[in-house]
Every structure is written in structure tokens, then in C-alpha cells.
Amino acid sequence: MNKEAKIYVAGHRGMVGSAMMRRLQQAGYHNLITRTSQELDLRNQAAVADFFAEEKPEYVVLAAAKVGGIVANNVYRADFLYENLMIEANVIHQSYLQGVQKLLFLGSSCIYPKMAPQPLQENALLTGPLEETNEPYAVAKIAGIKLCDAYRAQYGCNFISAMPTNLYGPHDNYDLKNSHVLPALIRKFHEAKASGAPEVEVWGSGTPRREFLHADDLADACLWLLENYNEQGLVNIGTGEDLSIRELAELVSRTVGYEGQIRFNTDYPDGTPRKLMDVSKLAGHGWKASIGLEEGIAAVYAAFQQGDAKNSALATA
Ligand SMILES: NC(=O)C1=CN([C@@H]2O[C@H](COP(=O)(O)OP(=O)(O)OC[C@H]3O[C@@H](n4cnc5c(N)ncnc54)[C@H](OP(=O)(O)O)[C@@H]3O)[C@@H](O)[C@H]2O)C=CC1
Ligand SMILES: C[C@H]1O[C@H](OP(=O)(O)OP(=O)(O)OC[C@H]2O[C@@H](n3cnc4c(=O)[nH]c(N)nc43)[C@H](O)[C@@H]2O)[C@@H](O)[C@@H](O)C1=O
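All figures in this text were calculated on a predicted structure; none of them were measured in a lab. (Residues numbered from 1 in each chain as written. Chains lettered and ligands numbered in written order. Predicted model: local features only at pLDDT ≥ 70, side-chain atom pairs only at ≥ 80, totals over all residues. Heavy atoms only, no water.)

A word on the site of ligand 2. Lining the immediate environment of ligand 2, one finds 22 residues, of which S108, K188, R210, P269 and D270 sit closest. Here an oxygen atom of ligand 2 and a side-chain polar atom of N73 are 2.9 Å apart. With respect to ligand 2, the side chain of R210 contributes an N or O atom lying 2.7 Å from an oxygen atom. Across the complex, the protein chains shield 98% of the 710 Å² of accessible surface that ligand 2 would expose by itself. Only α3 (70-75), α6 (181-195) and β7 (199-203) provide two or more residues apiece to the shell around ligand 2. Take the shell around ligand 2: its biggest share by element is three residues, from α6. Considered class by class, the residues forming the shell around ligand 2 number 10 nonpolar, eight polar and four charged. (Near = heavy atom within 4 Å. Polar contact = N/O pair within 3.5 Å; in protein donor to acceptor, adjacent residues only side chain to side chain. Areas by Shrake-Rupley, 256 points an atom, 1.4 Å probe, with all protein chains shown as cover. Helix = DSSP H or I, 4+ residues; strand = E, 2+ residues; numbered from the N terminus. Nonpolar A, V, L, I, M, F, W, Y, C, P; charged D, E, K, R; others polar.)

Below, the structure is given as C-alpha cells:
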């Protein structure tokens, strides 16, 4: 990829988009195009068509999406399905019409069946029922993968799909209701320590297992894919290691220096029992994650204390 290449990073203010901006700039790419959702609503077909016709980007990183944790996915089911379908369809179709050289679509590990064999291999896609709480989001993400594959098959477009595991990093969403587990736990333990609360509520049973990848590692893998990978189908991105939510809560509690109790509230859903990525495809090309979980959590907690907290707009959407 030419360092002068004109690259549109959709969702550049988000956790993943901002990590992509940092990584691309670090690698010497400087012709980066961005629009906030206020400037360009990617659900709007006509606006997206005008933008692509005017800017004619050569590369597209599609990191704009309606994103949230287990409760947000379950509550805003229509929004997660509709908005993600519209964003993907508009961006992918206009990328085809305007001759984009390469597009990277970001999916998620929740596209795999709830009870798929672990670790999750790319070929587990569409082999069984999805997990109920995030089925609408997963269906939209599967449509995105299939759009990339279909435009490649019918029109020869070089559109690729990456499936990240659960992510964390700078500019995460720390909203207590709508966020993912890691930022939620950081905020809960931090606030409990500050107020002297005797216990912290953790949702579910604590037994589900999750894998966590730092957004900077994800961006590094995505840059590698943009520069080197041109094949049909999806590519998992993760660390290849997981832990239980109980272990995660204990780790966050230690990091924050909280000395009270942890209470599990099983009125909240557990979601998928386990989501561990098989990362052998990317490992076979020599890529692996470099930021350890303890180190990564310590870094985001330090940033959180400096004010790196963004609340979700989902509740008012
Ligand atoms: N976070 C995670 O754990 C995981 C995320 N992913 C995927 O990574 C990608 C990025 O996620 P993440 O960075 O966490 O999400 P964020 O919520 O941090 O960022 C999403 C970005 O999308 C933009 N956006 C949302 N709706 C629109 C719209 N209608 N028009 C234009 N822009 C819009 C927002 O732009 P603005 O700020 O301008 O409003 C926002 O910056 C998504 O595809 C997600 O599915 C995959 C696996 C795990
Ligand atoms: C990335 C992925 O994210 C979503 O799936 P998820 O992995 O289930 O997401 P989560 O991070 O919200 O929860 C992980 C686990 O943690 C438990 N948990 C405990 N305490 C809190 C808590 O305080 N907040 C949250 N959110 N979860 C908690 C929670 O009950 C669950 O067992 C998808 O909808 C989909 O969007 C997707 O692709």
C-alpha cells in the first residue's frame, strides 16, 4: 500500500477507529479522510453516495457501527440490526461503485454460533444457532461478511473481513449500562473504592469465559491485513487466551486496589458461555498480539483516571 494512499477511516472517533488512525499515522500514511457521524450519517444512502463520489477514497476501513455490551445489544435490538445493516450496505456498495481498491470490514466474535467448538475457527460461521442477546447485531455483522464475499465473487472487489474478539483500549465506552464488561468493571471498582462501598455487583454468574484484545494490537493486525491479505472469507483477530468473568473481576479489583467483596447478580444474562478465538490463521502469517492483559488493563485504568471516559449515546438514540 502506497504511503500516499487515500484512506477513509469510518468511525475514526471510536475506540477502534482512533486506534487505526494512530497506527496508520505511525506507519507513515498521512492521506487519511474522516467524517464524524454528525458530518456524515452512514445510514443515509444519498449522503454516503455523495461523499464517496466527491472523495473517491482508495482504501476504506469500516470501523463505524452501532456497538455496545450484552444489555445494550439485547435492549436496542432493532437499532443494532437496522443501523449496522444500513452502514455496511451503504459503505460497501459505494466502495464498489467508486472503485475502492480495498476495504476492510470489522465484524465480531459474536457472529459464531453460541455452542460452536472452542477455540472458534473461521469455518464455524453459520454452523448453528446464534446467542440470543446479540442475535440482531450478529446477523448484521454476518451480512457484512457476506456482502464483502459477494462483491468479491460478482465484481472482483478486494473486500476483506476481520473478526476481532472482545476489545478494550483508549476511548472506550464507560457507560455503566451500555458498555462492555471490561470498561464497566473498571468504572464500578474505581467508584466503589472511592466511595468505600463494601461490594461491587458483577452481572451474571461469573463463569462465562472471554478473551480480551487491546485496540492497539487490533489496529496493528488490521494494518497487516490491509497491507498483505487479499483473500475471500474472514480472519479472526485475538490473543488466543481467555479467562472467566470472575477472574477478570478479581484482576480489575486488584488493579484498582479495591478491597471489598464481589457479588454476582444472576438476574443479568451470561451470554455466550465461551468465546475464544482460534488465531492460527493470522499466527500462520507471523502476527501475534503483544499487549498482555494485566499490562493493558493497568494502562487503560491510568487513562480512565486521567478522564478517558466516554458515555454511550445509545440510551438517547
Ligand atoms: N468494542 C468491542 O469490544 C468490539 C468491537 N468490534 C467492532 O469494531 C468496530 C468499532 O467498534 P468500537 O470502536 O468499539 O465502537 P465505538 O462505539 O467506540 O465507535 C463506533 C464509531 O462508529 C461511528 N458511527 C456509529 N454510527 C454511525 C453512523 N450512523 N454514521 C457514521 N458513523 C457512525 C461513531 O462515530 P462518531 O463518534 O462520529 O459518532 C463511532 O465513533 C465495530 O464494527 C465493532 O462491531 C468488534 C469486536 C469487539
Ligand atoms: C464484543 C461483544 O460484546 C457483547 O457480548 P459479550 O461478550 O457477552 O459482552 P459484554 O462485554 O457486555 O459481557 C461479557 C460478560 O461479562 C458479564 N458482565 C459482568 N458484569 C458486567 C458489566 O458490568 N457490564 C457488562 N457489559 N457485562 C458484564 C456479562 O454478563 C457477560 O457474561 C455482544 O453483545 C457483542 O456486542 C460483541 O460482539
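Back to the text.
Secondary-structure assignment places E259 in the loop between α8 (245-256) and β12 (261-265). It is 19 Å that separates the C-alpha atoms of E259 and W203, two residues lying 56 residues apart in sequence.

Along the chain, the position of N230 falls in the loop between α7 (215-228) and β10 (234-237). Here N230 falls in the partly exposed class, since its relative accessible area comes to 40%. Between the C-alpha atoms of N230 and N265, which are 35 residues apart in sequence, the distance is 45 Å. Beyond its immediate chain neighbours, meaning those up to four positions away, N230 contacts K102, R152, N158 and I160. (Buried < 20%, exposed > 50% of the residue type's maximum accessible area, 1.4 Å probe, protein only. Contact = heavy atoms within 4.5 Å.)

Time to look at the sheet that holds strand β13 (residues 274-275). Strand order in the open sheet made by the three strands is β11-β8-β13, with mixed pairing throughout. Only two strands of the sheet have a single neighbouring strand rather than two, namely β11 (243-244) and β13. In terms of strand pairing, strand β8 (residues 209-210) meets β11 through two bridges, oriented antiparallel. Note that in β11 the partner of R210 across the bridge is L243. (Pairing = 2+ DSSP bridges.)

So, about the site of ligand 1. Around ligand 1 sit 27 residues in total, of which M15, V16, S37, Y137 and K141 are the nearest. D41 places a side-chain nitrogen or oxygen 3.0 Å from a nitrogen atom of ligand 1. Measuring from an oxygen atom of ligand 1, one finds a backbone N or O atom of L167 at 3.0 Å. When isolated, ligand 1 has an accessible area of 900 Å², and the protein chains bury 88% of it. Elements with a minimum of two residues in the shell around ligand 1: α1 (15-26), α5 (135-155) and β6 (166-168). Taken together, the residues of the shell around ligand 1 sort by class into 13 nonpolar, nine polar and five charged.

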